[in-house]
Every structure is written in structure tokens, then in C-alpha cells.
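Chains, contacts and geometry: an overview
Spelled out from the first residue to the last, the chains are:
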Amino acid sequence: MKDVKDRNAVIEDTLEYWQKILRLSEWKIETITNAHLHPKEKWGEIKIFDNIFRAEMHISTLCPEEDIQEVVIHELLHLLTFPIRQFFYKTLQELTRPQEGKIIADEVTAKDEKLLGNLALSFLEMKKQRIPKDEIAEVIKRQK
Ligand SMILES: [Zn+2]
């Protein structure tokens, strides 16, 4: 097991890399790497400060190093769906009674989590299998 300083460096580098890939470089993200999150299975969390492009990413001390990348991508993806979620919850509040609204909101939250989980795995997979440039050009040509 690497020491804490090395682990933090890995997290910082991973964050910077994926912020670029996901076009989220304008965000100022503070990482908190000694988080004790509950429930235990949860390895990451992101707190988003609305409208000012600031966020706090918490990575659990229990998160294994081989899973850091997946957690960082997942948490970053939350920034991309955040405006949609905000709009949705606001509209939901206006149009439904609180109890109905909560059931719908919970359902959408679960679907959002599942979507982001799958996307994070897809990004990782794509990173592993660097697709050759000519192959990409070929696929684009075929779609036209
Ligand atoms: Zn999540």
C-alpha cells in the first residue's frame, strides 16, 4: 500500500486528467481524500456549489487504489447532470405534492446513479482500448 502522499497525488492527477477529458476544466474542485463515508460501500461523493463552478470531491479512505479512477469519473459526471437534476427537482416541486414528488425524485436519482455508473465504466473501457485514428475516421464516414 502506497503512503498517503502518493495516494493523494494519484487522486489529484486522475482528477486533472478526467476533468480535461470531460470538458470540466473550468471547475475548481477540492479533493478530500480522508473521507469516512457512510454507507461503507460508498467510495465517493461530490458536493456541488451551485453556479460558481466549485465542488468538493470526497474519496473514502476505504476506496481501493484500483477503483480510484472509476470513482473520480463517476463523481465528475455528476457535475454534468447537475443542471438537469436541479431543473427537474425544481419543476417536480412545483407540479407535485411532496409525497408524490419524493417517490419520483428517488426513482430519478437511482436512474441517474445507474447511468453515471455505466458511463464511468464505458469511459474506462475506452481508455483501455485506445481506438486507432483511422478506425474512428472510418466509423464517422460510415455514419454520414
Ligand atoms: Zn453517484
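Structure: see above.
This write-up is about the structure you can find in this document. (Residues numbered from 1 in each chain as written. Predicted model: local features only at pLDDT ≥ 70, side-chain atom pairs only at ≥ 80, totals over all residues.)

**Some words on the overall build of the protein**
- Each helix and strand counted, the protein has four helices and three strands in total.
- Ordered by position from the N terminus, the helices and strands of the protein form the series α-β-β-β-α-α-α.
- A burial count over the protein gives 15% of its 144 residues as buried.
- Intrachain contacts of the protein at a sequence separation of at least 6 include 62% that bridge at least 24 residues. (Helix = DSSP H or I, 4+ residues; strand = E, 2+ residues; numbered from the N terminus. Buried ≥ 20, exposed ≤ 12 C-beta atoms within 10 Å, placed from the backbone. Contact = placed C-beta atoms within 7 Å.)

**Overview of the environment of His 58**
- Looking at where His 58 falls in the secondary structure, it is placed in strand β3 (residues 54-60).
- Judged by the 21 C-beta atoms lying within 10 Å of it, His 58 falls in the buried class.
- Contact partners of His 58, with chain neighbours within four places excluded, come to Ile 32, Ala 35, Leu 37, Gly 44 and Glu 45.

**Quick word on the environment of Phe 49**
- Looking at the element boundaries, Phe 49 is found in strand β2 (residues 44-49).
- Placed 65 residues apart in sequence, Phe 49 and Lys 114 show a C-alpha to C-alpha distance of 23 Å.
- Leave out the neighbours within four places in its chain, and Phe 49 touches Arg 54 and Ala 55.

**Section: the sheet that holds β2**
- In spatial order, the strands read β1-β3-β2; together these three strands make up an open sheet with mixed pairing. What marks the edges here is a single partner per strand, and that holds for β1 (28-35) and β2. Averaged over all adjacent pairs, the angle separating strand axes in this sheet is 20 degrees, with direction ignored.
- Bridging between β2 and β3 involves six bridges; their strand directions are antiparallel. (Pairing = 2+ DSSP bridges. Axes fitted to C-alpha atoms, helices over the stretch in contact; angles between N-to-C directions.)

**Description of the nonpolar core**
- In this structure, Leu 15, Ile 59, Ile 68, Val 71, Val 72 and Ile 73 are the most contacted members of the largest nonpolar core, which totals 17 residues.
- By residue number, the principal contributor to this core is helix α2 (residues 68-95), which donates six residues.
- For Ile 59, the contacting residues outside a window of four places in its chain are Ile 11, Thr 31, Thr 33, Ala 35, Trp 43, Gly 44, Ile 68 and Val 71. (Core = buried A, V, L, I, M, F, W, Y, C linked by C-beta atoms within 7 Å.)

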